[in-house]
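# Tertiary structure, described
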Amino acid sequence: MSPGVHLRRSEERTAEVEALASALAAQGGGRVALGGVLTDLNRDARHARVPAPAASWGFRWDDEDTHSRLWWPQGITTTADCGVAQAYDGRRLVLTSWYSKDLAGMHKGSRITVVDLSEDQPRYRHVLLVEAFIRDDGSVDVRPHKVHAGGIVWHGDHLHVAGTARGLSTFHLGDVLRVGALGDRDRLGIGTGSFGYRYLLPVRFTYDAFAEDGHERMRYSFLSLDRSGGEPRLLAGEYGRSGASTRLADFALDATTALLRVSEEGHAHPVSLSPQGVEGMQGATVVDGRWYVTASAGRYLRGSLYVGRPGAFRRHARVLPVGVEDLAYWPSRDELWTLSEYPGRRYVLAMDRARFD
């Protein structure tokens, strides 16, 4: 057990989530789970040649999402992370996360995007991440879930979302809710509006970031899944520049629940914690004990891929897109998957991992 930092699991928000599901059902919506989104995909992505030497395949979002100044893509996970079948209902899926910037006083929190790669043309739909809460009068309402969402991992039935200094937020994909009436696109609340989103996903619980005396709380900038050992682990790392820490940590996952393994007090301590990450790193994953790390270089320069172990990385310079972000591994395809964030330069791409051994 590594001392210094840990996560503390909150109480599960079962009552709030069930109350929200009931309120939406009364308005013609209600719980549909992830499968409901897959039957209602409404946007077309398009294949693209990604301007990065490492890319072997990729796609772009539609024009609205490619150029949006409000929404910025960050995290990535795939059906390869959710279970041994590496598929969901027979489909190959990619999930990505986005955070909202504050434009003209409008902040919509964060969202995920469900992308179906099973057909020749990728199709997708956005799902808004929310927090359900009970008012003093006993009624339920909803607010945006405001996290940077710099990394995500889909494991079992749960989706873990990185929240930087806050820690992690965990969602159950069976909780996807359909909104009956969209209402005001500029408001979020029961009976008023859903920011224009047909589907909502409420947070179930959080893993809040803590540190012992004399230690700095870890920033959970990105996430991935490590299958290298006998049991899967959740990897987390810190984005840092100008002397800020760049730690890499891994947490044990319970084989039964697919959630972080916690003590009787609800604490999850890292199995290992290394201070020897890479400056500007945006994502990391491990394949057979070897680390792969993405690092960005600002708005105008392509990113780099680092391979090796903490303290002994080898750099593949400028092989990734401008604004590269999170990283995931697809074992059956032996591919690394990542995405980029800047408007007009937004891609989702696969890379042949063996090229970088």
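Procedures and definitions
Residues numbered from 1 in each chain as written. Predicted model: local features only at pLDDT ≥ 70, side-chain atom pairs only at ≥ 80, totals over all residues. Heavy atoms only, no water. Helix = DSSP H or I, 4+ residues; strand = E, 2+ residues; numbered from the N terminus. Contact = heavy atoms within 4.5 Å. Pairing = 2+ DSSP bridges. Axes fitted to C-alpha atoms, helices over the stretch in contact; angles between N-to-C directions. Core = buried A, V, L, I, M, F, W, Y, C linked by side-chain atoms within 4.5 Å. Buried < 20%, exposed > 50% of the residue type's maximum accessible area, 1.4 Å probe, protein only.

### Some details on the environment of Leu70
Mapped onto the fold, Leu70 is located in the loop between α3 (63-67) and β6 (71-78). Along the backbone, Leu70 and Ala104 are 34 residues apart, and their C-alpha atoms lie at a distance of 9.9 Å. Ignoring anything within four residues of it in the chain, the contact list for Leu70 reads Tyr99, Ser100, Lys101, Leu103, Met106 and Lys108.

### Topic: the sheet that holds strand β25 (residues 301-309)
Overall, antiparallel pairing links the 4 strands, which are arranged β23-β24-β25-β26 in an open sheet. Edge positions in the open sheet fall to β23 (281-287) and β26 (312-322), since each of these has one partner strand only. Pairwise comparison of adjacent strand axes, ignoring direction, gives a mean angle of 20 degrees for this sheet. Pairing between strand β24 (residues 290-297) and β25: 6 bridges, direction antiparallel. Opposite Trp291, over in β25, you have Gly308 as the bridge partner.

### Topic: the pairing of β25
Hairpin connection, β24 to β25: the antiparallel pair is bridged by 3 residues, and Gly298 has positive phi, about 90 degrees. Note that β25 and β26 share 7 bridges and pair antiparallel. Within β26, the residue paired with Arg309 across the bridge is Ala312. Count of turn residues in the β25/β26 antiparallel hairpin: 2 residues, of which Gly311 carries a positive phi of about 90 degrees.

### Looking at the nonpolar core
In globular proteins that are soluble, nonpolar side chains generally tend to be buried together. Core analysis: the largest hydrophobic core is formed by 34 residues, its most contacted members being Leu20, Leu128 and Trp337. Those elements that place two or more of their residues in this core are α1 (14-25), β6, β7 (93-100), β9 (123-134), β10 (140-144), β27 (324-330), β28 (335-340) and β29 (348-352). Sequence-distant contacts of Trp337, that is, excluding residues within four places in its chain, are made with Trp57, Ile76, Val94, Leu117, Asp326, Leu327, Ala328, Trp330, Val348, Leu349 and Ala350. Residues Leu34, Val37, Leu93 and Val127 belong to the second largest nonpolar core, which totals 23 residues.

### With respect to the environment of Ser221
Within the element layout of this structure, Ser221 appears in the loop between β17 (199-211) and β18 (222-226). The sequence separation of Ser221 and Gln276 amounts to 55 residues, and the corresponding C-alpha distance is 15 Å. In this view, Ser221 contacts Gly150, Gly151, Ala162, Gly237, Glu238 and Tyr239; residues no more than four positions away in its chain are not counted.

### What to know about unusual backbone geometry
One non-glycine residue, Ala33, adopts positive backbone phi at about 60 degrees. By secondary structure assignment, the location of Ala33 is in helix α2 (residues 33-38).

These figures capture arrangement, not role.
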